[in-house]
Amino acid sequence: GENVEQHPSTLSVQEGDSAVIKCTYSDSASNYFPWYKQELGKGPQLIIDIRSNVGEKKDQRIAVTLNKTAKHFSLHITETQPEDSAVYFCAASDQGGYSTLTFGKGTMLLVSP
Amino acid sequence: DSGVTQTPKHLITATGQRVTLRCSPRSGDLSVYWYQQSLDQGLQFLIQYYNGEERAKGNILERFSAQQFPDLHSELNLSSLELGDSALYFCASSVEAGPYNEQFFGPGTRLTVL
């Protein structure tokens, strides 16, 4: 089955800096890669996703890049703000028309004012 | 608020017991997913239902079972509980069951097994 590795496990940045979280996946047939943000005491929430036919996608201060050849994808957050502090999860969806997601173990991002 | 509701929020029980977790999906969503979140294993997919039928299975133990009812709410049953079953259990829902459908997560049920 699919295996998703996520790094780093914790990331501390100063407000205004950029943050990058990286993930690798094992199944070359995976074709959908969402990123979720989980705030304390809440369930994960989708913040951005990318499909395998796209190399990069941006939404305001966040962007995701995908390298299918290397089987890795990254989340980039620019101009970080304290409210960006949360746990971020990457995930990969297997093939076959199902939407089962395999998640990375998460990155705790702390943005200091 | 995602629109997905889960009850109860917290559950404390003893080893060997059986519990039922309940999930109501967003209005109009046909697919329901169950996940287990623990510190060491992260967020693990357990099982998916679509319009009342089991659609996909993940790392769900034989002691665990689930179902989706005609009104589309779902229940996750955990039996013969062990200390290691202590975790956050999330339910998520999506409109359809395909790979590109956004999953909306509920607030979770925190299960503590003593």
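Everything discussed here concerns the structure shown above.
Rules of the game
Residues numbered from 1 in each chain as written. Chains lettered and ligands numbered in written order. Predicted model: local features only at pLDDT ≥ 70, side-chain atom pairs only at ≥ 80, totals over all residues. Heavy atoms only, no water. Phe/Tyr/Trp six-rings, centres within 6.5 Å; stacked < 30°, edge-to-face > 60°. Helix = DSSP H or I, 4+ residues; strand = E, 2+ residues; numbered from the N terminus. Buried < 20%, exposed > 50% of the residue type's maximum accessible area, 1.4 Å probe, protein only. Lys NZ or Arg CZ within 6 Å of the ring centre and 35° of its normal.

Draft legend 1. Structural context of the packing of aromatic side chains. Considering all chains together, one arrives at 14 aromatic pairs over all chains under this definition. When the ring of A:Trp35 is compared with that of A:Phe73, the centres are 5.6 Å apart and the planes differ by 70°; the resulting orientation is edge-to-face. Highlighted residues: A:Trp35 in strand β4 (residues 32-38) and A:Phe73 in strand β8 (residues 72-77), separated in sequence by 38 residues. Of the two residues, A:Trp35 and A:Phe73, both sit in the buried class. Considering the side-chain rings of B:Tyr35 and B:Phe45, the 5.8 Å spacing of their centres and the 65° angle between planes classify their relative orientation as edge-to-face. Residue B:Tyr35 is located in strand β4 (residues 31-38), and its partner B:Phe45 is located in strand β5 (residues 42-50); the two are separated by ten residues in the primary sequence. Grouping residues by exposure puts B:Tyr35 and B:Phe45 together as buried. Put simply, the rings of A:Tyr36, A:Phe89, A:Phe103, B:Tyr35, B:Phe45, B:Phe90 and B:Phe105 pair up and form one aromatic cluster. Its end group placed over the ring of B:Tyr100, A:Arg51 keeps NZ or CZ at 3.8 Å from the ring centre. Above the face of the B:Phe104 ring, B:Arg26 is positioned so that its terminal group lies 3.6 Å from the ring centre.

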